[in-house]
Structures are given as C-alpha cells and as structure tokens.
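Breakdown of the fold
For reference, the chains in residue letters:
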Amino acid sequence: GETAVHSGHWMMGVLSILLLVYGIRDPSRSRGSVLAGALLAAMPVVAWEMSTAYVDCALTFYLLAGFIVLLAFRRTGNQRWIYTGGLFTGLALASKYNGLAWLPAAVVCLAIWSRLRGHCWRRICKNTFIFLSIAGIILLPWLARNYQATGNPFFPLPLPGFDSPHITAELI
C-alpha cells in the first residue's frame, strides 16, 4: 500500500546519496564524493522528497546512475557502459518526463568522450544510436500505454497534433 510506496521512494533517495558517494569516488580524492553525498543529503528539498510518494528520487537515482556509467565509459572506453547508460537513461525518461532535459547533455557528453577516445564519427554515431535506442526501448511501453489510454503519448503534456479529451483547460 501507501507505506510501501513511501518506503520505496525513501530507499531511492538513500540509494541516490550512496550512488553519489561511491559511484564517483576517485581513490586519490575520496573526500569529494563524500562531500557531494553529504550536500545532497543535507538539502531540505531532498529530505522532503524522500518522505513523499513522488517519483523524483527515482528520477535522481536513474539520472545519476546514467551519468556515472557514462563517466565509466569515458575512463575505460568499454562499450557495455553505453548500453548501461542507455538503460538508466530510459528508466529516467520512463519515470518522469523531466528526464528529457538530461538527454541532450548525455548525447553531447557521449559524443565528446567518444571523440576524445579517438573514435571516428561513424563509431560516435553508432554509439549514440545504440544509447538512444536502448533508452527508447525502455521508454516505448509507457508512451504506447499513454497513447492507448489518452490519445497523447506524453500525457499530461499538451502536444500539438495529439488531441486528448483528457487534457482540459483546468489541467493546463
């Protein structure tokens, strides 16, 4: 019930803090990641979000995880990090449409870091296509469900060309 939802959201907040502390840890500068986690935990809005049943802590976790695995790609060049980054980005997009704001930054970082690793433009395009395809595959069921139920894949956002009887003047 409601307690489980609250507990799950609180856990996503805790996991976000732990991911920030341990995910970006650099052995030569370990205090920086602990400070970053402490700053996130000390923010009143984060504490408040962790006590609610919204999806913002899950969005935070998935965005942080996506960024951290793309950093791992930057360090190692291992292709699996692109797959994992696409997975976490897709989960972020599926949890809340605000995750779309992350998408251009992720694609630009992926392209720059691929180029810095010496990849040709064809491989950069391939990496970007794989990343976006995996994210899209994760997001697609939610878009299809929204479209089937409301006539608008990005409901409740009022998009031109997707007239929905569920979008009223009161909602906008």
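Calculation criteria
Residues numbered from 1 in each chain as written. Predicted model: local features only at pLDDT ≥ 70, side-chain atom pairs only at ≥ 80, totals over all residues. Heavy atoms only, no water. Helix = DSSP H or I, 4+ residues; strand = E, 2+ residues; numbered from the N terminus. Buried < 20%, exposed > 50% of the residue type's maximum accessible area, 1.4 Å probe, protein only. Contact = heavy atoms within 4.5 Å. Axes fitted to C-alpha atoms, helices over the stretch in contact; angles between N-to-C directions. Parallel < 35°, antiparallel > 145°, perpendicular 65-115°, else oblique. Nonpolar A, V, L, I, M, F, W, Y, C, P; charged D, E, K, R; others polar. Patch = residues over 30% accessible without salt bridge, like charges linked within 9 Å, V, L, I, M, F, W, Y side chains within 5 Å. Areas by Shrake-Rupley, 256 points an atom, 1.4 Å probe, with all protein chains shown as cover. Salt bridge = Lys/Arg side-chain N within 4 Å of Asp/Glu carboxyl O. Lys, Arg positive; Asp, Glu negative; His and termini not counted. Charge placed at Lys NZ, Arg CZ, Asp CG, Glu CD. Expected span 1.5 Å × (residues − 1). Left-handed = near helix turned anticlockwise from the far one by under 90°. Polar contact = N/O pair within 3.5 Å; in protein donor to acceptor, adjacent residues only side chain to side chain.

Focus on the overall build of the protein
For the protein, the count of helices and strands is seven helices and zero strands. Going from the N terminus to the C terminus, the protein shows its helices and strands as α-α-α-α-α-α-α. For the protein, the C-alpha atoms occupy an extent of roughly 55 × 45 × 25 Å along the three principal directions. In the protein, which comprises 172 residues, the share counted as buried stands at 38%. Of all intrachain contacts in the protein linking residues separated by at least 6 positions in sequence, the fraction that spans at least 24 positions is 60%.

Looking at the packing of helix H4 (residues 56–76) against helix H6 (residues 102–116)
Remark: H4 packs on H6, axes separated minimally by 10 Å, with the N-to-C direction vectors making an angle of 10°. Between H4 and H6, the crossing angle belongs to the class labelled roughly parallel. Contacts between H4 and H6 involve Leu63, Gly66, Phe67, Leu70, Leu71, Phe73 and Arg74 from the former and Trp102, Ala106, Leu110, Trp113 and Ser114 from the latter. Here the contact of H4 with H6 is built from residues that sort into nine nonpolar, two polar and one charged.

Structural notes on a positive patch on the surface
On the surface, a cluster of positive charge is made up of Arg117, Arg122, Arg123 and Lys126. Within the fold, Arg117 resides in the loop between H6 and helix H7 (121–150).

Topic: helix H5 (residues 80–95)
Between its terminal C-alpha atoms H5 stretches 23 Å, which fits the 22 Å expected from 16 residues at 1.5 Å a residue. Of all the positions in H5, only Ile82, Gly85, Gly86, Phe88, Thr89, Gly90, Ala92, Leu93 and Ala94 are classed as buried.

Thoughts on the packing of H6 against H7
At a minimum axis separation of 9 Å, H6 and H7 run at an interaxial angle of 145°. Both H6 and H7 take part in a crossing whose hand is right-handed. Along the contact surface, H6 presents Leu103, Ala106, Val107, Leu110, Ala111, Ser114 and Arg115, while H7 presents Trp121, Ile124, Asn127, Thr128, Phe131 and Leu132. When the residues that make up the contact of H6 with H7 are grouped by side-chain class, the tally is nine nonpolar, three polar and one charged.

Observations regarding the pattern of salt bridges
Counted by the stated rule, this structure contains one salt bridge. A salt bridge links Asp56 to Lys96; its shortest N-O distance comes to 2.6 Å. Of this pair, Asp56 sits in helix H4 while Lys96 sits in the loop between H5 and H6, placing them 40 residues apart in sequence. Judged by relative accessible area, Asp56 falls into the buried class, the value being 19%. Relative accessible area serves as the criterion here: at 25%, Lys96 is assigned to the partly exposed category.

Examining the environment of Thr60
Take Thr60: it is sitting in helix H4. According to the relative accessible area criterion, Thr60 is partly exposed, its value standing at 31%. Between the C-alpha atom of Thr60 and that of Met12, which follows or precedes it by 48 residues, the distance is 8.3 Å. Within the structure, Thr60 has its side chain in polar contact with the backbone oxygen of Asp56 (distance 2.9 Å).

Description of a nonpolar patch on the surface
Taken together, Trp10, Met11, Leu15, Leu18 and Tyr22 make up a surface patch of nonpolar side chains, about 500 Å² in accessible area. Position of Tyr22 relative to the elements: it lies in helix H1 (residues 2–23).

Keep in mind that these numbers describe shape and distance, not what the molecule does.
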